[in-house]
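# Summary of structural features
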Amino acid sequence: MTLPGGVVERPLGRGRLLGYGVGSIGTGVFSAVPGLLLLYYLTDMLGVPAAVAGVVLVAPKIWDVLLNPLVGAASDREAVRTGRRTRLLAIGAAALPVTFALMFAVPGGVPGGVPGALWSGVAFLLAATAFACFQVPYVALPAEMAGTQSARTRIMSWRVVCLTVGILVAGGLAPAVVDLAGGGRGGYAVMGVVIGVLMAAALVAATLGTRWVPSRPGPRPLGPVAAFRLARGNRPFFVLLAAFVTQALAVAVMLAGAPYVASYRLGDYGLTSVMFVCLVGPSMLAVPGWAWLARRHGTVRCYLAASAGFCAVAVALIPAIAVGSAGGGLVVTLALTALAGVCYAALQLLPLSLLPDTVHADAARTGQAQSGAFTGLWTAGETAGLALGPGLFALVLTLSGFVSAPTGSPVAQEPVALTGLLLGFTALPALLMLISLPFVARYGRLAKEPA
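Rules and cut-offs
Residues numbered from 1 in each chain as written. Predicted model: local features only at pLDDT ≥ 70, side-chain atom pairs only at ≥ 80, totals over all residues. Heavy atoms only, no water. Helix = DSSP H or I, 4+ residues; strand = E, 2+ residues; numbered from the N terminus. Buried < 20%, exposed > 50% of the residue type's maximum accessible area, 1.4 Å probe, protein only. pLDDT = per-residue confidence, 0-100. Contact = heavy atoms within 4.5 Å. Axes fitted to C-alpha atoms, helices over the stretch in contact; angles between N-to-C directions. Parallel < 35°, antiparallel > 145°, perpendicular 65-115°, else oblique. Left-handed = near helix turned anticlockwise from the far one by under 90°. Nonpolar A, V, L, I, M, F, W, Y, C, P; charged D, E, K, R; others polar. Core = buried A, V, L, I, M, F, W, Y, C linked by side-chain atoms within 4.5 Å. Salt bridge = Lys/Arg side-chain N within 4 Å of Asp/Glu carboxyl O. Patch = residues over 30% accessible without salt bridge, like charges linked within 9 Å, V, L, I, M, F, W, Y side chains within 5 Å. Areas by Shrake-Rupley, 256 points an atom, 1.4 Å probe, with all protein chains shown as cover. Expected span 1.5 Å × (residues − 1). Bend = angle between axes of the 7 residues up to and from the residue. Phe/Tyr/Trp six-rings, centres within 6.5 Å; stacked < 30°, edge-to-face > 60°. Lys NZ or Arg CZ within 6 Å of the ring centre and 35° of its normal. Lys, Arg positive; Asp, Glu negative; His and termini not counted. Charge placed at Lys NZ, Arg CZ, Asp CG, Glu CD. Polar contact = N/O pair within 3.5 Å; in protein donor to acceptor, adjacent residues only side chain to side chain. 1 Å grid on protein atoms, 1.4 Å probe; cavity = no way out; pocket = protein on both sides within 12 Å on 5 of 7 lines; lining within 4 Å. Points joined across faces, edges and corners; volume = space filled by probe spheres on them.

A count of helical and extended segments in the protein gives 15 helices and two strands. Taken across its 451 residues, the protein has 60% of its residues classed as buried.

If you want it as structure tokens, here you go:
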């Protein structure tokens, strides 16, 4: 089969699928760790007020939202010029692990509070920039690797499994490393280095493993303004993007709230890792099942079912967590978290399987297969959702009167603060997931796939 730009599709063996998918271990780590641990690190290790911590988490991501479309256009120009997207991948793979480690390495001479927040914020800004350099061309590659939806679903299945491994590393290993290293600021600094090394290995492997992918967006390179003008007529893309961003925001809110629920509602910060493994472990096992269901019943129908299922599970978590660790509440909480993980697998796999369809359809419409332009907008939206999630949860903490303290041990919180963090972890993600459902249904009508 010939892909857009006249490129002949090459067979996809397991080596090439793994060579692409392994990059998601690194991107999964970076997407998850700041959302899971950085807010808690700022408020409970450095004593940063929740409102200031929320700004620290959101500001670098706002920059990333502006940057990603520019990186997408630059990636397309490089592809027209060289036939590859490797250079930007390599830049991101080299810079991201270092800047990630710096986020959690506030020197001992730098006090907590605002000075510590500035250190982490600047490092986060640099890391977000490096992430854009890797993530934008990386997401563009599947549209250039395969020309059929079944083949792209296969690519995405490998990617989502690797992404799940990365998220497991983030949620399972990162908090454990903090504890093993003695906790406190020193423990977080060790964690940043260890996780950074693992991230570097995955990103470099993907950069080398995708050098074979031919990229011919042509027939001419477009600037970011021209690329956006070309893209804005693609209504299915923007409806799908709206659904994905809303859901990314819901998941990011839940990730940010996990350490707080573990510490203040379940009574043990160490349960953060257990909750994360319960969420992500079933996700990895569920990917082949969702791929089979999508082939049998339609991708959009399965996407709707998974979105509604995640919403229902989030609501069911409210009474389970309210019971606390006693009376079987912990067991029920972990079981429901695992069920949410099954739905989460589809929320990762299915929209990313549909994304290349919008790129190929637009190439037929315009004659200009600008994968980078679309993935730049896509990753900008995803980045916005992931960034606003911790900021939104920080707002919930602020409004409910949560008290920050420069200590690794939870401090006594007022009942209204405990209720606020519970609803922020459950009801708010459920509401956001509910809002996403009409967008998924609308995409199915635009793409003429049954919803």
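Next comes the rest of the account.
Turning to the confidence of the model for the protein, a few remarks are in order. When pLDDT is averaged along the protein, the result is 82; 86% of the residues meet or exceed 70. Within the model, the stretch residues 1-8 combines pLDDT values under 50 with 22 contacts to residues more than four positions away or in other chains.

Let us look at the packing of helix H9 (residues 235-265) against helix H10 (residues 271-297). Put simply, H9 and H10 touch, their axes get as near as 8 Å, and they point 135° apart. Considering their axes alone, H9 and H10 lie oblique with respect to each other. Crossing hand, H9 versus H10: right-handed. Side by side, H9 and H10 meet where Leu-255, Ala-258, Pro-259, Val-261 and Ala-262 of the first sit next to Leu-271, Thr-272, Met-275 and Phe-276 of the second. Looking at side-chain class alone, the contact of H9 with H10 contains eight nonpolar, one polar and no charged residues.

As a further point, take the environment of Gly-108. With respect to the helices and strands, Gly-108 occurs in the loop between helix H4 (86-103) and helix H5 (114-145). What makes Gly-108 exposed here is its relative accessible area of 76%. Put simply, Gly-108 and Arg-185 are 77 residues apart on the chain and 8.4 Å apart in space, counted from C-alpha to C-alpha.

Glancing now at the nonpolar core. Soluble, globular proteins show a tendency: their nonpolar side chains are buried together. Judged by nonpolar contacts, the single largest core of 140 residues is most densely connected at Phe-104 and Tyr-188. Other than its neighbours up to four places away in sequence, Tyr-188 contacts Leu-37, Tyr-40, Tyr-41, Met-45, Phe-104, Val-178 and Tyr-269. The next biggest cluster of nonpolar side chains, apart from the first, holds six residues, and it includes Leu-67, Val-71, Ala-132 and Val-136.

By the definition in use, this model includes three salt bridges. A salt bridge links Glu-144 to Arg-85; the shortest N-O distance between them is 2.7 Å. Highlighted residues: Glu-144 in helix H5 and Arg-85 in the loop between helix H3 (50-82) and H4, separated in sequence by 59 residues. For the residue pair Glu-144 and Arg-85, the accessibility class agrees, reading buried in each case.

Taken together, Ile-62, Trp-63, Leu-66 and Leu-125 make up a surface patch of nonpolar side chains, about 380 Å² in accessible area. When residues of the nonpolar patch are assigned to their parent elements, the largest contribution, three residues, is made by H3. Note on Leu-66: relative accessible area 57%, which makes it exposed.

Looking now at helix H2 (residues 23-44). Over its 22 residues, H2 runs 31 Å from end to end, which matches the ideal 32 Å to within 8%, given 1.5 Å per residue. The largest bend in H2 comes to about 35°, at Val-33, with the proline Pro-34 one to four residues further on.

What follows is about H3. The terminal C-alpha atoms of H3 lie 46 Å apart, and with 33 residues this matches the ideal 48 Å at 1.5 Å per residue to within 8%. The largest bend in H3 amounts to roughly 30° and is located at Leu-67, with the proline Pro-69 lying one to four residues further along.

So, about the packing of aromatic side chains. Tallying each qualifying case throughout the model produces 15 aromatic pairs. Considering the side-chain rings of Phe-30 and Phe-131, the 4.9 Å spacing of their centres and the 35° angle between planes classify their relative orientation as tilted. With Phe-30 in helix H2 and Phe-131 in helix H5, this residue pair connects regions lying 101 residues apart in the sequence. Here the two residues Phe-30 and Phe-131 agree in accessibility, since each one is buried. Positioned above the aromatic ring of Trp-212, the side-chain terminus of Arg-16 is 4.2 Å from the ring centre.

Attention shifts here to a positive patch on the surface. A surface patch of positive charge is lined by Arg-235, Arg-442, Arg-445 and Lys-448. Relative to the assigned elements, Arg-445 resides in helix H15 (residues 427-446).

With that settled, consider the side chain of Ser-75. Mapped onto the elements of the fold, Ser-75 is located in helix H3. Of note is the side chain of Ser-75, whose polar atom sits 2.7 Å from the side chain of Arg-85. In this structure Ser-75 touches Arg-85, Leu-88 and Pro-137, once residues within four positions along its chain are discounted.

A few words on empty space enclosed by the protein. In this structure the tally under the stated criterion is six cavities of 30 Å³ or more. Computed from the structure, the largest cavity encloses a volume of approximately 280 Å³. Around the largest cavity sit 21 residues that line it, and Ser-31, Tyr-344, Gln-348, Glu-382 and Leu-386 are the ones nearest its centre. Of the residues in the lining of the largest cavity, the class split is 13 nonpolar, six polar and two charged.

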